[in-house]
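# Architecture and fold: a report
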Amino acid sequence: MSANTPTSPTPQQIHWEENGVQHSARWRSEAGMPPPKRVVIADDRTNADVAYRLACEGTALLWRGDFQNARQLLQALARRADHKSKPAKKAKPAKTPATPTEAFHLHRQAQSQRARTLAMLLLPFEDGYTLPLRRAPDVQLACNEAYGRFEEPFVASLRELLGVIGAHEWRRTGVEIPALGARIHPYYGVFSPVRGEYVQLVAEAPLPSDTSLAFDIGIGTGVLSAVLAQRGIKRVVGTDQDQRALSCARENITRLELEQQIELKVADLFPEGRAPLIVCNPPWVPARPSSAIEHAVYDPESRMLRGFLAGLTEHLAPRGEGWLILSDLAEHLGLRPRAELLAWIEAAGLKVVDRIDVRPTHPRAADASDPLHKARAAEVTSLWRLAAA
């Protein structure tokens, strides 16, 4: 689910004054946030209420104190942001969204505002990803994995760094995939296969009679290619445009000793040629992503989905099948009606051979406090078996 992930944004500069001297450094934000226009220096004496007020106003705080105290301050900012999103007991009750679509957009707006506020606590990075702060951890390996080799000093948010560190742990320990009997190790910025139901669909769907070749469109971590190879597909060609995804897939395939069966190609959707089986797990929700990792979930105007359907017939071998793995969450949110999906399938010269459904088992599906709980509770993930009409 990474075929439409963009390349890194053009480097920008952040500027601030410290001890009467003007400073500047490279600005780094994987979420694509612009550098804050106003920056103040903060340290262990900075009050959480003051910091939260400044962050809400768009003023960034460049940290010069103890690293662990900065983490505590970020937690305090998060508590204030979460408390602000809940109406006070005596306050007028918040307006109930009129439609699931309105609830979705309000939820995304609140998420975006929270992310902007928490991203205002900044850290200075020196050569070799060194943090010049007391009790700072060694983050060189985690940053090298996420950003690549880079020596020039820069400034980034503490929240982003914690995401980088978390991704490093995911990559080190991996995610257990029952369908593989093995672990998949996701990279930073590549969607982790934590929702196992869609992997299980690919593991259990009946294979076409010709198992000589399959295409995996948007290979991501390589998990679906690995499942197909283990099921007996003699050769799998996985495509992606994102170099992180291709590197991640290559490492996972090597770990599983499947490099003789699986080939990787840089491509926008399809490789050249035709295959008896073509599999695609596109982003499920037609909305604008706000960060690199969200490109695995949000697909503006369903571009990847429509591109896959539109090009499927000309890449399918005779009597071949296309497997579309798709959640209907967008339908329950009012973002893409089922009739629209069926119309795209018909317009592409395709027919539905079968549809295999599964209910999600992830915790959010049962979380009644989630603003989108009603839609998540009704969600079904499907494997659509498609063929030329």
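Keep in mind the model is a prediction, meaning the values are calculated, not measured.

## Topic: the overall build of the chain
Looking only at helices and strands, the chain features 12 helices and 15 strands. Across its three principal axes, the chain shows a C-alpha extent of roughly 70 × 50 × 35 Å. With 389 residues in all, the chain has 52% of them scored as buried. Long-range pairs, those at least 24 residues apart, make up 68% of the contacts in the chain with a sequence separation of at least 6. Computed over 48 positive and 45 negative side-chain charges, the inter-centroid distance for the chain is 6 Å.

## Describing the pattern of salt bridges
Scanning the entire structure with this criterion turns up 24 salt bridges. Notably, a salt bridge pairs Arg 45 with Asp 43, separated by 2.6 Å at the nearest N-O pair. The class for Asp 43 is buried, based on a relative accessible area of 18%. Among the salt bridges present, the one from Arg 338 reaches Glu 331, with a minimum N-O distance of 2.8 Å. The exposure class of Arg 338 is partly exposed, given its relative accessible area of 26%. Residues joined by salt bridges that share partners form a network here, namely Glu 145, Arg 171, Glu 251 and Arg 255.

## Thoughts on the UniProt feature "domain: Methyltransferase small" (unreviewed entry) in the chain
UniProt records the feature "domain: Methyltransferase small" (unreviewed entry) for residues 211-288 in the present numbering. Helix makes up 27% of residues 211-288 and strand 26%, whereas the separation of the span's terminal C-alpha atoms amounts to 37 Å.

## Brief notes about the nonpolar core
One finds Leu 180, Ile 217, Leu 228, Ile 278, Phe 308, Leu 309 and Leu 324 to be the most contacted residues of the largest nonpolar core, which totals 66 residues. Examining the composition of this core, we find that 6 residues originate from one element, helix α7 (residues 223-230), more than from any other. Residues in contact with Ile 278, not counting those within four places in the same chain, are Phe 215, Ile 217, Phe 270, Phe 308, Leu 312, His 315, Leu 316, Glu 321, Gly 322 and Trp 323.

## Here we look at the pairing of strand β12 (residues 275-280)
The buried count for β12 comes to 6 of 6 residues, which makes it a mostly enclosed element. Pairing geometry for strand β9 (residues 214-217) and β12, over 4 bridges, is parallel. Counted as the bridge partner of Ile 217 is Cys 280 from β12. As paired strands, β12 and strand β13 (residues 316-327) are joined by 5 bridges and run parallel to one another. When the sheet's bridge partners are listed, Ile 278 is paired in β13 with Gly 322.

## Details of the pairing of β13
Of all 12 residues in β13, 10 are buried, a share of seventy percent or more. One ladder, built from 6 bridges, connects β13 with strand β15 (residues 381-388); its direction is antiparallel. From the neighbouring strand, Leu 326 faces β15, where its bridge partner is Ser 382.

## Quick notes on the sheet that holds strand β4 (residues 59-63)
As summarised here, the arrangement of the 6 strands in space is β1-β2-β6-β5-β4-β3, forming an open sheet in which the pairing is mixed. Lying at the two open borders of the sheet, with one neighbouring strand each, are β1 (12-18) and β3 (38-42). Strand after strand, the sheet turns through a mean of 40° between neighbouring axes, direction not considered. Where strand β5 (residues 121-125) and strand β6 (residues 154-157) come together, 4 bridges link them in antiparallel fashion.

## Brief notes about the confidence of the model for the chain
A low pLDDT means the predicted coordinates there should not be read in detail. Of all residues in the chain, 92% have pLDDT values of 70 or greater, and the mean over the chain is 91. Throughout residues 3-9 the model reports pLDDT below 50, and contacts reaching past four residues in sequence, or to other chains, amount to 14 contacts.

## A closer look at the environment of Gly 307
One can find Gly 307 in helix α9 (residues 303-312). According to the relative accessible area criterion, Gly 307 is partly exposed, its value standing at 23%. Spatially, the C-alpha atom of Gly 307 lies 42 Å from that of His 83, the residues being 224 residues apart in sequence. Leaving out residues up to four positions away in the same chain, Gly 307 has contacts with Leu 269 and Phe 270.

Rules used throughout
Residues numbered from 1 in each chain as written. Predicted model: local features only at pLDDT ≥ 70, side-chain atom pairs only at ≥ 80, totals over all residues. Heavy atoms only, no water. Helix = DSSP H or I, 4+ residues; strand = E, 2+ residues; numbered from the N terminus. Buried < 20%, exposed > 50% of the residue type's maximum accessible area, 1.4 Å probe, protein only. Contact = heavy atoms within 4.5 Å. Lys, Arg positive; Asp, Glu negative; His and termini not counted. Charge placed at Lys NZ, Arg CZ, Asp CG, Glu CD. Salt bridge = Lys/Arg side-chain N within 4 Å of Asp/Glu carboxyl O. UniProt positions renumbered as here; feature names shortened; annotations may be inferred. Core = buried A, V, L, I, M, F, W, Y, C linked by side-chain atoms within 4.5 Å. Pairing = 2+ DSSP bridges. Axes fitted to C-alpha atoms, helices over the stretch in contact; angles between N-to-C directions. pLDDT = per-residue confidence, 0-100.

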